[in-house]
Amino acid sequence: MEIELLVKLTSKAWSLKILSLLHSGVPGRQAALIAATGASRTSFASSLAHLGQLGLLEKNPGHGHPLRPEFRLTKKGIEAAAMAHRILEAVPDDTAVHLLRRSWVVPILAVTGTPQRFSNIRSGLAPVTDRALSQTLSILENQDWLKRDIIVSARTPFPIYHAANTGWHINQAIGLSF
C-alpha cells in the first residue's frame, strides 16, 4: 500500500475497523457492521461512504434492500482489509485500539520503521501540519509505541523517532512500499 492511500484511509475513524470486520467475515450490511464496530450511525456512515469513495467498497449488485444495501470489498479493498486486520491484531488490548482511530497515528508508524527526523516524517506525510505531527508523536511516545532518541554526535543535537514495541508490530503489519 502507498502512503497516500494509507493517509486517506485512516482519515476517518472507523475505516480500519470496518475493513477488518469485512476481512474476518462479518456480513457487509450496515446493521451488522454498526453492531460489531460500536460506532455511532453518523460516524459509521461517514466512514463507509469514505471507503466507497476510495474504491475499497462497493454495493453488492442484486443483494439487499435498496434502503439497506449490502457492501463488498473491491479487489483493492481486499488488500486494504487484510492490512487493516493485521494492524488491529497487532494491538494487544482493546483499550489501545482507540488510538488507531486518530488520523495520523497509523501513517506516522508506517514511516518510522527506520529512525526518522521530524522534517523527514513531515515531508513523507505531506498534508500533515506541524502541530498535528508533534501532538501525535507525543501521544505515541507516551503510549510507548514510538521511541524518541537525541543524536548528540552531530554539531547540533536533534531528535529522531522510530516505531517501538506495539508501534513496531503495527509498522510491520502495514508493510508500506516506498
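Everything numeric here is computed off the predicted structure, so don't read it as measured data.

Student: Provide a residue-level description of the overall build of the chain, including the pertinent values.
Tutor: If you tally the helices and strands in the chain, you get 10 helices and 4 strands. The C-alpha atoms of the chain give a radius of gyration of 17 Å, which matches the 16 Å a tight globule of 178 residues would have. Each of the three principal axes of the chain carries a C-alpha extent, and together these read 65 × 30 × 25 Å. Taken over 178 residues, the chain has a buried fraction of 45%. Residue pairs in contact within the chain that sit at least 24 positions apart in sequence constitute 59% of those at least 6 positions apart. Approximately 9,500 Å² of the chain is accessible, and the part contributed by carbon and sulfur atoms is 51%. Positive and negative side-chain charges in the chain, numbering 19 and 12 respectively, have mean positions lying 7 Å apart.

Student: Go over helix α5 (residues 75-90), please, and point to the residues and values.
Tutor: For α5, built from 16 residues, the straight-helix expectation of 22 Å at 1.5 Å per residue is met to within 8% by its first-to-last C-alpha distance of 24 Å. Among the residues making up α5, those that are buried are Gly-77, Ala-80, Ala-81, Ala-82, Met-83, Ala-84, His-85, Ile-87, Leu-88 and Ala-90.

Student: Report on the environment of Val-111, specifying residues and quantitative values.
Tutor: The topology assignment puts Val-111 in helix α7 (residues 105-111). A C-alpha to C-alpha distance of 21 Å links Val-111 and Pro-92, two positions 19 residues apart in sequence.

Student: So what's going on with the nonpolar core? Which residues, and what values?
Tutor: Residues Leu-19, Ile-87, Leu-100, Leu-125, Trp-145, Ile-170 and Ile-174 are the most contacted members of the largest nonpolar core, which totals 56 residues. No other element matches α5, which puts 7 residues into this core. Excluding anything up to four places from it in sequence, Leu-19 contacts Leu-9, Leu-51, Leu-56, Leu-73, Gly-77, Ala-80, Ala-81 and Ala-84.

Student: With reference to specific residues and values, describe the side chain of Thr-112.
Tutor: Within the secondary structure layout, Thr-112 lies in the loop between α7 and α8 (118-124). A polar atom in the side chain of Thr-112 sits 2.9 Å from the backbone oxygen of Ile-108. Ignoring sequence-local partners within four residues, the contact set of Thr-112 consists of Ile-121, Leu-146, Tyr-161, His-162, Ala-163 and Asn-171.

Student: Kindly report on the packing of aromatic side chains, identifying the contributing residues and their values.
Tutor: What the rule picks out here adds up to 0 aromatic pairs. Over the ring of Phe-158 we find Arg-117, and its NZ or CZ is 3.7 Å from the ring centre.

Student: Pulling in residues and values, what's your account of the pattern of salt bridges?
Tutor: Under the counting rule described, the total for this entry stands at 3 salt bridges. Across the pair Arg-72 and Glu-58 runs a salt bridge whose closest N-O atoms are separated by 2.7 Å. On the criterion of sequence distance, the pair formed by Arg-72 in strand β2 (residues 68-73) and Glu-58 in strand β1 (residues 57-65) is long-range, its members being 14 residues apart. The partly exposed category is assigned to Arg-72, whose relative accessible area is 36%. Judged by its relative accessible area of 33%, Glu-58 falls in the partly exposed class. Between Lys-147 and Asp-144 there is a salt bridge; the shortest N-O distance is 3.8 Å. With relative accessibility at 36%, the residue Asp-144 sits in the partly exposed group.

Student: Describe the packing of α5 against helix α10 (residues 166-174), and please don't skip the residues or the numbers.
Tutor: Contact pair α5 / α10: the axes reach a minimum separation of 8 Å and the direction vectors enclose 165°. Considered as vectors, α5 and α10 are oriented roughly antiparallel to each other. The two elements α5 and α10 meet at a crossing, and its hand is right-handed. Mapping the contact onto sequence places Met-83, Arg-86, Ile-87 and Ala-90 in α5 and Thr-166, His-169, Ile-170, Ala-173 and Ile-174 in α10. Among the residues forming the contact of α5 with α10, the class breakdown is 6 nonpolar, 2 polar and 1 charged.

Student: Talk me through the environment of Leu-57; I want residue IDs and the actual numbers.
Tutor: Among the secondary structure elements, Leu-57 is positioned in strand β1. Under the relative-accessibility criterion, Leu-57 is labelled buried at 6%. Put simply, Leu-57 and Gly-28 are 29 residues apart on the chain and 9.6 Å apart in space, counted from C-alpha to C-alpha. Sequence-distant contacts of Leu-57, defined by excluding residues within four places in its chain, comprise Leu-22, Leu-48, Leu-51, Gly-52, Arg-72, Leu-73 and Thr-74.

Scoring rules and cut-offs
Here the residue index of a chain counts from 1 through its sequence in written order. Restriction of local features to residues with pLDDT of at least 70 applies here, the model being predicted, together with a cutoff of 80 or more for giving and counting side-chain atom pairs; totals for whole chains, interfaces and linings are based on all residues. Note: side-chain values were computed over all heavy atoms of the structure, leaving out hydrogens and water. The helix and strand labels rest on DSSP assignments: H or I over at least four residues marks a helix, E over at least two residues marks a strand, and numbering proceeds from the N terminus. With C-alpha atoms as the basis for the radius of gyration, the globule rule is written as 2.2 Å multiplied by the number of residues raised to the power 0.38. Relative accessibility under 20% of the residue-type maximum defines a buried residue, over 50% an exposed one, and the middle range a partly exposed one, all with a 1.4 Å probe and only protein chains included. Residue contacts follow a heavy-atom distance rule, with two residues in contact if any of their heavy atoms lie within 4.5 Å. Surface accessibility follows the Shrake-Rupley procedure with a 1.4 Å probe radius. Residue values consider only the protein chains on display as shielding. Under the counting rule used here, the positive set is Lys and Arg, the negative set is Asp and Glu, and His together with the chain ends is not counted. Lysine's charge is taken at NZ, arginine's at CZ, aspartate's at CG and glutamate's at CD. A helix is expected to reach a length of 1.5 Å times the quantity of its residues less one. What is meant by a nonpolar core is a set of buried Ala, Val, Leu, Ile, Met, Phe, Trp, Tyr and Cys residues, joined one to another through side-chain atoms within 4.5 Å. Identification of polar contacts relies on pairs of N or O atoms within 3.5 Å, with a donor-acceptor requirement for protein atoms, meaning one able to donate a hydrogen and the other able to accept it, and with residues adjacent in sequence counted only if both atoms are side-chain atoms. In summary, the pairing rule links any two rings of Phe, Tyr or Trp, Trp by its six-membered ring, whose centres are within 6.5 Å, and it sorts them by plane angle into stacked for under 30 degrees, edge-to-face for over 60 and tilted for everything else. Two conditions define a charge located above a ring, namely a distance within 6 Å from the ring centre to NZ of Lys or CZ of Arg, and an angle within 35 degrees of the ring normal. Salt bridges are identified by distance alone: a Lys or Arg side-chain nitrogen within 4 Å of an Asp or Glu carboxyl oxygen. All axes are obtained by fitting lines to C-alpha atoms, using only the stretch in contact for helices, and the reported angles, taken between N-to-C directions, cover 0 to 180 degrees. The scheme is simple: roughly parallel for angles under 35 degrees, roughly antiparallel for over 145, roughly perpendicular for 65 to 115, oblique for anything else. Handedness of each helix crossing follows the sense of rotation of the near helix against the far helix: counterclockwise by less than a right angle gives left-handed, clockwise gives right-handed. Under the convention adopted here, Pro, Cys and the residues Ala, Val, Leu, Ile, Met, Phe, Trp and Tyr are nonpolar, Asp, Glu, Lys and Arg are charged, and Gly plus all remaining residues are polar.

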